[in-house]
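# Chain and residue survey
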Amino acid sequence: MIVFRGPGEVPGDFGRSAVAIGKFDGVHAGHRAVIDRLEADAATTGARSVAVTFDRNPLALLRPEICPDNVVSVERKLELLGELGLDATLLLTFDRELASLAPEAFVEEILVGALNVSTVLVGGDFRFGHRGAGTPDLLRELGPRFGFTVDVVDDVYLDDSERRVSSSWIRELLAQGDVTMAARVLGRPVDVRGEVVHGLKRGRELGFPTANLSETVDAFVPADGVYAGWLHDHTTGERFPAAVSVGTNPTFDDVIVRQVEAHVIDHDGLDLYGHDVTIEFTQRLRGMVAFDGIDALMVQMSADVDAARAILGADAVE
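Read on for a plain summary of the structure. Because the structure is predicted, anything quoted here is derived from the model rather than measured.

Looking only at helices and strands, the chain features 10 helices and 12 strands. Going through the 318 residues of the chain one by one, you find that 49% of them count as buried. Across the chain, every contact between residues at least 6 apart in sequence was considered, and the portion connecting residues at least 24 apart equals 72%. When the accessible surface of the chain is summed, it comes to about 15000 Å², and 48% of that surface belongs to carbon and sulfur atoms. In the chain, the 29 positive side-chain charges and the 51 negative ones have mean positions that sit 5 Å from each other.

Let's shift gears to the packing of aromatic side chains. Evaluated as defined, the whole model comprises five aromatic pairs. When the ring of phenylalanine 4 is compared with that of phenylalanine 14, the centres are 5.4 Å apart and the planes differ by 85 degrees; the resulting orientation is edge-to-face. Linking phenylalanine 4 in strand S1 (residues 2-4) with phenylalanine 14 in the loop between S1 and strand S2 (17-21), this pair joins segments that are 10 residues apart in sequence. Accessibility assignment for this pair places phenylalanine 4 and phenylalanine 14 in one class, buried. Look at phenylalanine 106 and phenylalanine 128: their rings are 5.5 Å apart centre to centre, the planes differ by 50 degrees, and that puts the pair in the tilted class. Placement of phenylalanine 106 in helix H5 (residues 103-114) and of phenylalanine 128 in the loop between strand S5 (117-123) and helix H6 (136-146) is noted, with a sequence separation of 22 residues between them. For phenylalanine 128, a relative accessible area of 5% corresponds to the buried category. Linked through ring pairs, Phe106, Phe126 and Phe128 together constitute an aromatic cluster.

To continue, consider the side chain of arginine 286. Residue placement: arginine 286 occurs in strand S12 (residues 276-286). There is a polar contact of 2.8 Å between the side chain of arginine 286 and the side chain of aspartate 304. When neighbours within four sequence positions are excluded, arginine 286 is seen to be in contact with Gly225, Val226, Phe291, Gln300 and Asp304.

In spatial order, the strands read S7-S8-S11-S10-S9-S12; together these six strands close into a barrel with antiparallel pairing. Neighbour-to-neighbour, the strand axes of the sheet open up by a mean angle of 45 degrees, direction not taken into account. Where strand S9 (residues 225-233) meets strand S10 (residues 238-247), nine bridges bridge the pair, whose relative direction is antiparallel. Among the inter-strand pairings, tyrosine 227 is bridged to a residue of S10, identified as valine 244. Running over the sheet, helix H8 (residues 179-186) touches strand S7 (190-197), S9 and S12 and is turned about 125 degrees from S12.

Rules of the game
Residues numbered from 1 in each chain as written. Predicted model: local features only at pLDDT ≥ 70, side-chain atom pairs only at ≥ 80, totals over all residues. Heavy atoms only, no water. Helix = DSSP H or I, 4+ residues; strand = E, 2+ residues; numbered from the N terminus. Buried < 20%, exposed > 50% of the residue type's maximum accessible area, 1.4 Å probe, protein only. Contact = heavy atoms within 4.5 Å. Areas by Shrake-Rupley, 256 points an atom, 1.4 Å probe, with all protein chains shown as cover. Lys, Arg positive; Asp, Glu negative; His and termini not counted. Charge placed at Lys NZ, Arg CZ, Asp CG, Glu CD. Phe/Tyr/Trp six-rings, centres within 6.5 Å; stacked < 30°, edge-to-face > 60°. Polar contact = N/O pair within 3.5 Å; in protein donor to acceptor, adjacent residues only side chain to side chain. Pairing = 2+ DSSP bridges. Axes fitted to C-alpha atoms, helices over the stretch in contact; angles between N-to-C directions.

Quick look at the structure:
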């Protein structure tokens with residue numbers, strides 16, 4: 001997938017494009033349905049499939065006090081979009097200049113001028129341009145003038161839910177630690193990616209060495225607690241079953257910031273320091289609690305590892 005980091009990067013001979021516009025935060029099941037529809041439209045018309053998105057949530061500039069945390073980082077969003085078979089993504093810098101652009105100018109300069117759009121796909125609640133004045137109805141009005149059609153995509157619902165799939169719902173689920181349901185809404189596993197760094201080495205001292213992720217990760221971290229999951233080592237290409245801990249280790253009360261750390265199950269002697277890894281969350285085992293002493297903690301850690309091994313199944317055993 002080609003990534004254009006501004007309209008000026010789109011070459012003049014790029015050709016006609018079918019475009020889906022949105023924040024695409026999390027690239028969840030609803031977004032994936034939009035992209036599927038986009039690619040079908042593009043194939044029908046012979047156009048290129050292009051996602052148009054932003055380098056931040058517009059609220060980060062317009063109403064920072066109410067702006068939610070991102071489900072994934074911008075770079076992770078681009079990576080996920082790239083996995084869906086798109087021809088290109090146009091990443092727009094949402095600054096004061098873009099925020100003040102009139103809806104008609106947004107269409108004329110970006111959709112028509114840069115992307116030579118033939119079809120525009122948006123959700124029913126999509127708003128664009130200065131003060132959010134642009135709507136799907138306005139796009140329909142402008143379409144005949146500029147030679148494009150508009151496809152408004154219906155909300156997506158899970159089979160057993162009356163709530164529409166949304167990034168807000170995913171954030172709620174992650175904040176509750178419900179990674180199983182969040183994975184359903186996302187349409188993919190919940191995961192975070194970062195570099196393995198040196199920690200306090202307390203897990204090693206207790207017989208359960210852990211790979212500690214750096215403070216900088218690429219996604220919303222689920223609620224404090226212990227999870228069954230997987231560690232994907234991008235440095236070596238290996239994948240390991242793991243018991244994953246998120247939190248500040250209240251038993252010792254000396255960890256200042258939340259940590260994501262993974263104990264690789266039944267694989268001793270691994271040296272993962274400096275490795276680029278993804279931690280995938282499969283199921284929450286329990287919340288984070290303070291134990292009355294090291295012995296009680298070690299008993300629970302052993303039980304957590306056994307529970308994670310059982311959940312992950314035969315794949316967790318060599």
